[in-house]
Amino acid sequence: MNAPVKYVKEYVEVMVSFAPDGTMLPRCLVWQDGHRYEIDRIKAIQPAPAQKAGGQGDRYTIMIEGHERHLFFEHNADYGSEKLGKWFVERKV
């Protein structure tokens, strides 16, 4: 019998730039082992839950090396903090 697949939030380092209108645009993500993944394209940005790992924030549908992936920005609930939030991906465990 197969055990159900479980996902967790994997927090990652993300290099971003900002458009003139203030839109945050991820350019590169760095995995915990130090491997860098350049983001080839941002297909969509929308508020959405991380349905596999749980959580709420902005979901960025991105292309990395020809593969569509989701990258999430989880806003900091402490308004006014110097920390705006954290980036994560859903990782299978």
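Everything in this summary refers to the structure shown in the same document.

## Comments concerning the overall build of the protein
Counting secondary structure elements, the protein contains zero helices and seven strands. Along the chain direction, N to C, the helices and strands of the protein fall in the order β-β-β-β-β-β-β. Principal axes of the C-alpha set define a box for the protein whose edges measure 50 × 35 × 25 Å. Within the protein, the fraction of its 93 residues that count as buried is 29%. Looking at the protein alone, contacts between residues at least 24 apart form 37% of all its contacts between residues at least 6 apart. Looking at the protein as shown, the accessible area adds up to about 6500 Å², and 50% of this sits on carbon and sulfur atoms. Charge separation in the protein, taken as the distance between the mean sites of 13 positive and 13 negative side-chain charges, equals 6 Å.

## Some details on the nonpolar core
In this structure, V12, V14, M24, L29, I39, Y60, I62, I64, L71, F73, W87 and V89 together form the largest nonpolar core, which totals 12 residues. Counting only elements with at least two residues in this core, the list comes to strand 1 (7-18), strand 2 (24-30), strand 5 (56-64), strand 6 (67-75) and strand 7 (85-92). The leading source of residues in this core is strand 5, at three residues.

## Some points on the pattern of salt bridges
Scanning the entire structure with this criterion turns up three salt bridges. The salt bridge partner of E68 is K43, with a shortest N-O separation of 2.6 Å. Remark: K43 occurs in strand 4 (residues 41-49) and E68 occurs in strand 6; sequence separation between them is 25 residues. Assessed through its relative accessible area of 41%, E68 is described here as partly exposed. Accessibility expressed as a relative area gives 40% for K43, which makes it partly exposed.

## Comments concerning the side chain of R59
Along the polypeptide, R59 turns up in strand 5. The side chain of R59 is buried and forms no salt bridge, while E90, the nearest opposite charge, is found at 7.4 Å.

## Side note on the environment of L29
Along the chain, L29 turns up in strand 2. Classification of L29 as buried rests on a relative accessible area of 4%. The spatial distance from the C-alpha of L29 to the C-alpha of Y79 is 25 Å, given a sequence separation of 50 residues. In contact with L29, other than residues within four places in its own chain, are E13, V14, H35, R36, Y37, I62, I64 and L71.

Calculation criteria
Going along each chain's sequence as written, the residues are numbered from 1 onward. Residue-level local features of this predicted model are given only where pLDDT is at least 70; pairs of side-chain atoms are given and counted only at 80 or more, and the full residue set underlies all totals for whole chains, interfaces and linings. Based on all heavy atoms of the structure, the side-chain values leave hydrogens and waters out of the count. Strands here mean DSSP runs of E at least two residues long; helices mean DSSP runs of H or I at least four residues long; both are numbered from the N terminus. Buried residues are those whose accessible area, probed at 1.4 Å on protein chains only, stays under 20% of the maximum for their type, while exposed residues exceed 50% and partly exposed ones sit between those limits. Working rule for contacts: check all heavy atoms of both residues, and any pair within 4.5 Å makes them a contact. Areas reported here follow the Shrake-Rupley algorithm with a probe of radius 1.4 Å; residue values treat only the protein chains shown as occluding. Here the positive residues are Lys and Arg and the negative ones are Asp and Glu; neither His nor the chain ends is included. To locate a charge, take NZ of a lysine, CZ of an arginine, CG of an aspartate or CD of a glutamate. Only buried Ala, Val, Leu, Ile, Met, Phe, Trp, Tyr and Cys residues count toward a nonpolar core, and they belong to the same one when joined by side-chain atoms within 4.5 Å. Here, a salt bridge means any Lys or Arg side-chain nitrogen found within 4 Å of an Asp or Glu carboxyl oxygen.

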